[in-house]
Amino acid sequence: PAPNPTSSSHPTIPELSPNPDPDPSLVWLRYESFILHVNCVSLPAADALMSAARAAGYKTVGVQSCSGKSPKGYTIQVLGDEFLETPLYSTVGVEVSLAKLVNDRQRRNWQKIGRFEAAVRAMTYSE
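Figured I'd write up the structure that's included with this text. (Residues numbered from 1 in each chain as written. Predicted model: local features only at pLDDT ≥ 70, side-chain atom pairs only at ≥ 80, totals over all residues. Heavy atoms only, no water.)

1. Some remarks on the environment of Gly-73
Among the structural elements, Gly-73 can be located in the loop between β3 (60–66) and β4 (74–79). Look at Gly-73 and you get buried, because its relative accessible area is 3%. (Helix = DSSP H or I, 4+ residues; strand = E, 2+ residues; numbered from the N terminus. Buried < 20%, exposed > 50% of the residue type's maximum accessible area, 1.4 Å probe, protein only.)

Now the structure itself:
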């Protein structure tokens, strides 16, 4: 027989759906640090901001976009590097350990933001 162009051998959405009886004790824990975009009026200002972010401990810092003229200027992106993603099964004791891990990540995140804020307040640049 000739192939039918309206039929497909590709799976349909219901066939791709997850197991209809998933483990109810499984959830996903996901923690992400912040993403910051700052618009700088000049290249020296953008460079000073990137230096301040790196001095505070941020590894992923760079120019997101640039027009070279106001009002757009130079958009700098600063990405936090504290991430955590893991399946979490509801088990006695595990919640306490994971809560401590997430709280430690959040504490480091706030400390780094504090160092960055201090570096930005102290930053100087010349045009």
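On we go.
2. Considering helix α2 (residues 43–55)
The terminal C-alpha atoms of α2 lie 18 Å apart, and with 13 residues this matches the ideal 18 Å at 1.5 Å per residue to within 8%. Every buried residue belonging to α2 is among Ala-45, Ala-46, Ala-48, Leu-49, Met-50, Ala-52 and Ala-53, and all of these are buried. Two or three places before Ala-45, at the start of α2, stands the capping residue Ser-42, its side-chain oxygen 3.2 Å from that residue's backbone nitrogen. (Expected span 1.5 Å × (residues − 1). Polar contact = N/O pair within 3.5 Å; in protein donor to acceptor, adjacent residues only side chain to side chain.)

3. Observations regarding the packing of aromatic side chains
A complete count under the given rule lists 2 aromatic pairs for this structure. Centroid distance Phe-34 to Tyr-58: 5.5 Å. Interplanar angle 85°. Geometry classified as edge-to-face. Of this pair, Phe-34 sits in the loop between β1 (26–32) and β2 (35–40) while Tyr-58 sits in the loop between α2 and β3, and the two are 24 residues apart along the sequence. Here Tyr-58 falls in the buried class, since its relative accessible area comes to 2%. Taken together, Phe-34, Tyr-58 and Phe-116 form an aromatic cluster joined through their ring pairs. Positioned above the aromatic ring of Tyr-58 is the side chain of Lys-112, whose terminal nitrogen or guanidinium carbon lies 5.3 Å from the ring centre. (Phe/Tyr/Trp six-rings, centres within 6.5 Å; stacked < 30°, edge-to-face > 60°. Lys NZ or Arg CZ within 6 Å of the ring centre and 35° of its normal.)

4. Quick look at the environment of Cys-40
Positionally, Cys-40 belongs in strand β2. Contacts of Cys-40, omitting those with residues within four sequence positions, involve Ala-45, Ala-46, Leu-49, Lys-72, Gly-73, Tyr-74 and Ile-76. (Contact = heavy atoms within 4.5 Å.)

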